[in-house]
Amino acid sequence: MRKRTTGLIGAAGSLALAATLAGCGSSSPDTDAPLSNAAGTSDAKHPEWSKYVFTIGDNGGDGSQELAKLTGVFDKAPYRVKFARFTYGPPLVQAAASGDIDLGSVGDVPPITGAAKEYGFKIVAVNRSLTPDQAVENIIVPKGSALKTAADLKGKRIAVPQGSSAHGLALNALKSVGLTPKDVKLVFLDPAAGATAFNTGKVDAWSIWNPQSAIAVRNGARILVKGLPPIDQTSSYYVASDTSLKDKTKRAALTDVLKRLSREFAWAVKNPDKYAQALSKEQGIPLDDAKASLAAYSNRVTPVQQSDIELEQKLADAFLEAGQITRKVDVKSITDNLLPAGYDSSKLKVTS
């Protein structure tokens, strides 16, 4: 019997437990979806996993739920999965810590702010951009703005989702020109409220990721600061709940979940038109906007490396120095790789 994928759509970044559940089987009961026969670990059966229902945190509509339907990657898994929608990373990390979700992908800052609050979770894998020369987030200004450089942000109002990767971009951009958060007015708004404030002129700039950044630029906004190294990472991180990781059997099954997720994204990268359609449907945005932001979602999944820990530690220290967190975070202590050394989803063979 084919397993089914179900979805929970969260409102304002929280779990909506009364949401309607939607099946994610292949489009035809008589035809296997492209990845329906792909096992995440091996072809061996795991009847002991049948008791598990894993909740995957879907951060801002990354296409994972629609891709699961399209590819059938979880159709024959020996467990069930469901998806919980979040508008940005900090609530997702909190949900991982509380056990409301088992796995989810977030930007570089939410693990830091979550650890500062002593949430119980671990960083278990990395999503590395396949286009690291293209920013996945930017600081943008409205059409006609007189601001030309990051230094011009002094004294200005910057909308930013608090504790998000865009928050980190704002801090690093300011630091790069000798400014601190005290030199500007950081206006902490979730993405939807940030869009309203930006479009109505209530803020002078907006630090935000794609597709919001790409859509705003298409509508006349201008990029003031690109979210690229050395002031920003182009990677994101998978986090998992301590509860799931501490149980040996559940941990093995969760590793299978992560490998299947990485496989569906590997398939999506090789099928960009279908990937854009999945993003368009999941985010409720025009197809052209989804295509414009596609590079931001084209990643390869790998284990966490020492260089990642060092980058995260540097960012954590910057947050502490800027007074945005109140306790020092040891990134190594919140890292627990699920994937074997050398794993790279871009090297997987997937059926197109």
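Source: prediction; values computed, not measured.

Side note on the pairing of strand β5 (residues 121-129)
Most of β5 is tucked away, with nine of its nine residues classed as buried. Sheet topology places β5 next to strand β11 (residues 236-241); six bridges connect them, and they run antiparallel. Each bridged residue has a counterpart across the sheet, and for Asn 127 the counterpart in β11 is Ser 236. One ladder, built from four bridges, connects β5 with strand β12 (residues 299-302); its direction is antiparallel. From the neighbouring strand, Arg 128 faces β12, where its bridge partner is Arg 300.

Side note on helix α2 (residues 89-98)
Within α2, seven of the 10 residues are buried, which leaves the element mostly enclosed by the surrounding structure. For α2, the complete set of buried residues consists of Gly 89, Pro 90, Pro 91, Leu 92, Val 93, Ala 95 and Ala 96. On its buried face, α2 sits against β2 (53-59), β3 (80-86), β4 (103-106), α3 (110-116), β5 and β11. Just beyond α2, the residue with positive phi is Gly 99, at close to 85 degrees.

Notes on the nonpolar core
Core analysis: the biggest nonpolar cluster contains 57 residues, and Leu 153, Val 225, Val 239 and Val 329 have the highest contact counts within it. The element best represented in this core is helix α4 (residues 165-176), accounting for five residues. Ignoring any residue separated from it by four or fewer positions in sequence, one finds Val 329 in contact with Ile 112, Ala 115, Ala 116, Gln 313 and Ala 316. Membership of the second largest hydrophobic core comes to 44 residues, among which are Val 81, Ala 125, Ala 268 and Tyr 275.

Observations concerning the packing of helix α1 (residues 64-71) against helix α8 (residues 248-270)
One can describe the packing of α1 onto α8 by two numbers: an axis separation of 10 Å at closest approach and a directional angle of 80 degrees. Taken together, α1 and α8 sit at an angle that is classed as roughly perpendicular. Every residue of α8 that contacts α1 at Ser 64, Leu 67, Ala 68, Leu 70 and Thr 71 is listed here: Leu 261, Glu 264, Phe 265, Trp 267 and Ala 268. Of the residues in the contact of α1 with α8, the class split is seven nonpolar, two polar and one charged.

Here's the deal with the packing of aromatic side chains
In the structure shown here, the tally under the stated rule is five aromatic pairs. Note on Trp 49 and Tyr 79: the rings are 6.1 Å apart at their centroids and 45 degrees apart in plane angle, and the pair reads as tilted. You can see Trp 49 sitting in the loop between β1 (5-8) and β2 and its partner Tyr 79 sitting in the loop between α1 and β3, a full 30 residues away along the chain. Per residue, the accessibility class of Trp 49 equals that of Tyr 79, and both read buried. Seen from their ring centres, Tyr 52 and Phe 54 are 5.5 Å apart, and the 45 degrees between their planes marks the pair as tilted. With respect to class, Tyr 52 is no different from Phe 54; both count as buried. Three or more aromatic residues joined by ring pairs make a cluster, and in this case those are Trp 49, Tyr 52, Phe 54 and Tyr 79.

Scoring rules and cut-offs
Residues numbered from 1 in each chain as written. Predicted model: local features only at pLDDT ≥ 70, side-chain atom pairs only at ≥ 80, totals over all residues. Heavy atoms only, no water. Buried < 20%, exposed > 50% of the residue type's maximum accessible area, 1.4 Å probe, protein only. Helix = DSSP H or I, 4+ residues; strand = E, 2+ residues; numbered from the N terminus. Pairing = 2+ DSSP bridges. Contact = heavy atoms within 4.5 Å. Core = buried A, V, L, I, M, F, W, Y, C linked by side-chain atoms within 4.5 Å. Axes fitted to C-alpha atoms, helices over the stretch in contact; angles between N-to-C directions. Parallel < 35°, antiparallel > 145°, perpendicular 65-115°, else oblique. Nonpolar A, V, L, I, M, F, W, Y, C, P; charged D, E, K, R; others polar. Phe/Tyr/Trp six-rings, centres within 6.5 Å; stacked < 30°, edge-to-face > 60°.

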